[in-house]
Amino acid sequence: MTSRQLLEVAVTLPVLGRFHYRVPPHLAGRAQIGSRVLVPFGGRKVTGVVVRADTSPPDGIVPVELSEVLDDEPALSSQLVELCLWIAEYYEAPIGEVIKSALPAGSGINARMVFALTETGRGAADGQGAALPPKQRVMLAKLAQGPLPVAATTKAARSVIEALITHGLVECRDQRANARARLRRERVVALVGDHLTARNAVARAPKRVAVIDALAERVPVVLDDLERVLPGAKISVRELVKLGLVAVTDREIALDAVPTSPDMLVIAPPVLTGEQAVAVSEITAALHGDPVAGAAVSPGAPPAKRPFTPFLLFGVTGSGKTEVYLRVIAEALTAGKTALVLVPEISLTPQLAARFRARFGDLVAILHSGLTEQQRLGEWSRLRRGEARIAVGARSAVFAPLTELGVIVVDEEHDGSFKQEEGVRYHARDVAIVRAQRAGAVCVLGSGTPSLESAAHAETGHYRKLRLTVRPMARPMPSVEVIDLRTFLPDGEAFLSAPLRTAIAQTLEAGDQTILFLNRRGFATFVLCKACGHSFRCPNCSVSLTYHRHNDRLTCHYCAFSARVPETCPSCKSAAIDRTGLGTEKVAEGVAAAFPKARVIRLDRDVASGSKIEAVLAKVARREVDVLVGTQMVTKGHDFPGVTLVGVLCADTGLNLPDFRASERTFQLLAQVAGRAGRGDRPGRVLIQTYRPTAAAVTAAAAHDYEKFFEAEFEERRDLGLPPHGRMIAVRLDGKNEHEVAETAQRLAQVAEAIANRPDNGGEVVIRGPVPAPIEKLRGRTRWQIWLRSADRHALRRVARGVMGAEVVHTSVRVSLDVDPISAL
């Protein structure tokens, strides 16, 4: 057996490591790096992807043969495979899970070994097997109802089945499950050689000549289409194939692009501001590989090559960052390159995609989880075939199958939704930077409120900062007023203070639009019994249930548990059930009651999914809405010229969370939602209601002063050694048994301390915990955490890997690493 017959395969399962398989002779040459293959694994067959070729297995391992190659061409390019290997190593994740993230959802194929009746066995089961012993007759009858999985067969049953196999009545075979999402294929026919030569070869057969003439352009023709034009053409084609004059092959059926809403299209490219023109010039110079301006060059030496440096496009809200993206991408397309655009929210994708489609048509493919699996597979296939050259999508679009990448844009790079919080905990922004560097592409990170990490990189020169400080058409930033809720008490229905209520009335009278922001959905955020104090909490999670009036149910926003509100308290039987707290549903009702002539609509995850998001945003864009009430979905990137008033109902909801990023997130949310006002011809106004008017996040957002906030937060984190001054890894534990989780957490913390204190570990590693997670119970599982922090990433890794390798974990407890965590919850 030569090494060329061996491949390393990553199976798309949550298991560590890569596995060696032998290539059978009939598949030699078909299995390439990036190809999907069907391989035996643990008594069944699963989808895997080839990640290495020409390898040797560890000593003592005898590889088995792979079963099938599933792709005519590799599903993933070798560059994407290498990127997946980097992600697996950096984020300490199973490579198979990473590969699964890179493939279209629902495209995996699995198979399992089953016992099934043979033709003879089916006859015996129909009554011809009367001479068999009773147990064998019973088993035949059972198998007549359907195959039995080998893995689920008991030892006693297997002995009976083996006897039936000996008689030729039962066989052991693969049972293959089709992928949930599949591209349809079609048969096409094309000339093999010269048209005239082929025509002369069949000159005496008019029907064959007609087929040859139909193929004269040497472009493959769909066989069914040819049959419709020339009845009987399929028969002629079969004869022409035998003569070697034409060839018939299969190909994927090209799918139409996912449609976008025409209500949001922006057609005419605007005139660039001076700052926009400078930004476009700088980025396109890097795209074309122009030498660094002003770099010293020795006599006779070639110009200095521009090193890879991501751009931080730091532009105030409404300053035209999207237009910069569009111009740079147009340059990339002209240069024969492709482009990738990442956005943080599904709600942003339709609007941004519509702007890109307006400029580039169907060259734009859309990738996000709001599409069906079939739609996503279709868009993925258009990109892989080169029919689309721009991918626009949310986090997972970082794996888009683009070749010749020229530019990667990460819009709203500060947004936390770029971090995957379950499974493979990768950060799409950071993966995008690595992908751009490896592809020789330009990477642009855009934000009006950059993350502290990105801003710090720009300060040290690791990123190149480009500023957009003014809005186009000399539009001013909106004025901001902070309303102290300790002085101006809000009403109990819509949580409107007197100044905000007056401002809404004035805006409505002027015919303009208002956005009201509250980062809590539902009607009442908790329900309790006023007689005994019993509160209604989720049985699976350590959180209160939220009351939703539209369906009259209590719902958990973490695990989706739902129940009706009881008429009496389950604890004291009192009927004094009170729905209290505040959510967007209650605010929307309260605003509609306060302003009965206003057209009020809300945007949150309870009402917005897929096409519903587009419908809501389209209504706002057409000015069919007077007041939009929403959660953070309304803060991100939307451009509505008719909005002149933004009201933040309570700026304090995120400030008190037990998370060191709470102040940063609050500042970003306030600054982003404030930026929705005044984007048209009329000036904007923002009112921020708060119980903490002197909080740094509130005062800096009110002053549009990012630098002030950055300086204060940067120094505070320096004192604590928190990012961007250090690196962190969170060890996350969860399990059904709270005592086993707590015990395992204590043991792993001791292991971490022991490794960190070893003289050969290198740099200092600070260990905090173990502690229960702030939301201690989630989806029925108890959660604990251990936090590792160090300025030395190698020392930090050694401790983290030592923890994962420790044999002190209860089998029921799940342990995972969260590298560069962004949430403590």
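Please refer to the structure placed before this passage.
The rules behind each value
Residues numbered from 1 in each chain as written. Predicted model: local features only at pLDDT ≥ 70, side-chain atom pairs only at ≥ 80, totals over all residues. Heavy atoms only, no water. Phe/Tyr/Trp six-rings, centres within 6.5 Å; stacked < 30°, edge-to-face > 60°. Buried < 20%, exposed > 50% of the residue type's maximum accessible area, 1.4 Å probe, protein only. Helix = DSSP H or I, 4+ residues; strand = E, 2+ residues; numbered from the N terminus. Lys NZ or Arg CZ within 6 Å of the ring centre and 35° of its normal. Axes fitted to C-alpha atoms, helices over the stretch in contact; angles between N-to-C directions. Parallel < 35°, antiparallel > 145°, perpendicular 65-115°, else oblique. Contact = heavy atoms within 4.5 Å. Nonpolar A, V, L, I, M, F, W, Y, C, P; charged D, E, K, R; others polar.

I'd like a description of the packing of aromatic side chains, backed by residues and values.
In total, this model carries 11 aromatic pairs according to the counting rule given. Ring centres of tyrosine 90 and tyrosine 91 lie 4.8 Å apart, and the angle between their planes is 80°; this geometry places the pair in the edge-to-face category. Across the pair, tyrosine 91 and tyrosine 90 agree in class, each one buried. Judged by centre distance (6.0 Å) and plane angle (50°), the rings of phenylalanine 667 and tyrosine 706 are tilted. Remark: tyrosine 706 occurs in helix 21 (residues 706-720) and phenylalanine 667 occurs in helix 19 (residues 662-674); sequence separation between them is 39 residues. Here the aromatic cluster, defined as three or more aromatic residues joined through ring pairs, consists of Phe314, Phe667, Tyr706, Phe709, Phe710 and Phe714. Geometry around phenylalanine 314 places arginine 467 over its ring, the cationic atom sitting 4.0 Å from the centre.

Before we move on, can you summarise unusual backbone geometry with the specific residues and values?
Look at the link from proline 723 to proline 724: it is a cis peptide, with omega at 15°. Within the secondary structure, proline 724 sits in the loop between helix 21 and strand 31 (727-735). Geometrically, the link from glycine 769 to proline 770 is a cis peptide bond, its omega value of 15° lying close to zero. Looking at the element boundaries, proline 770 is found in strand 32 (residues 766-778). The backbone of lysine 573 shows a phi angle near 70°, a positive value even though the residue is not glycine. Along the chain, the position of lysine 573 falls in the loop between strand 25 (562-564) and strand 26 (577-580).

How would you summarise the packing of helix 19 against helix 21 if you had to cite specific residues and measurements?
Packing of helix 19 against helix 21 brings their axes to within 11 Å, and their N-to-C directions diverge by 170°. Considering the angle they form, helix 19 stands roughly antiparallel to helix 21. Of the residues in helix 21, those touching helix 19 at Ser663, Glu664 and Phe667 are Tyr706, Phe709, Glu713 and Arg717. For the contact of helix 19 with helix 21, the class distribution of residues is 3 nonpolar, 1 polar and 3 charged.

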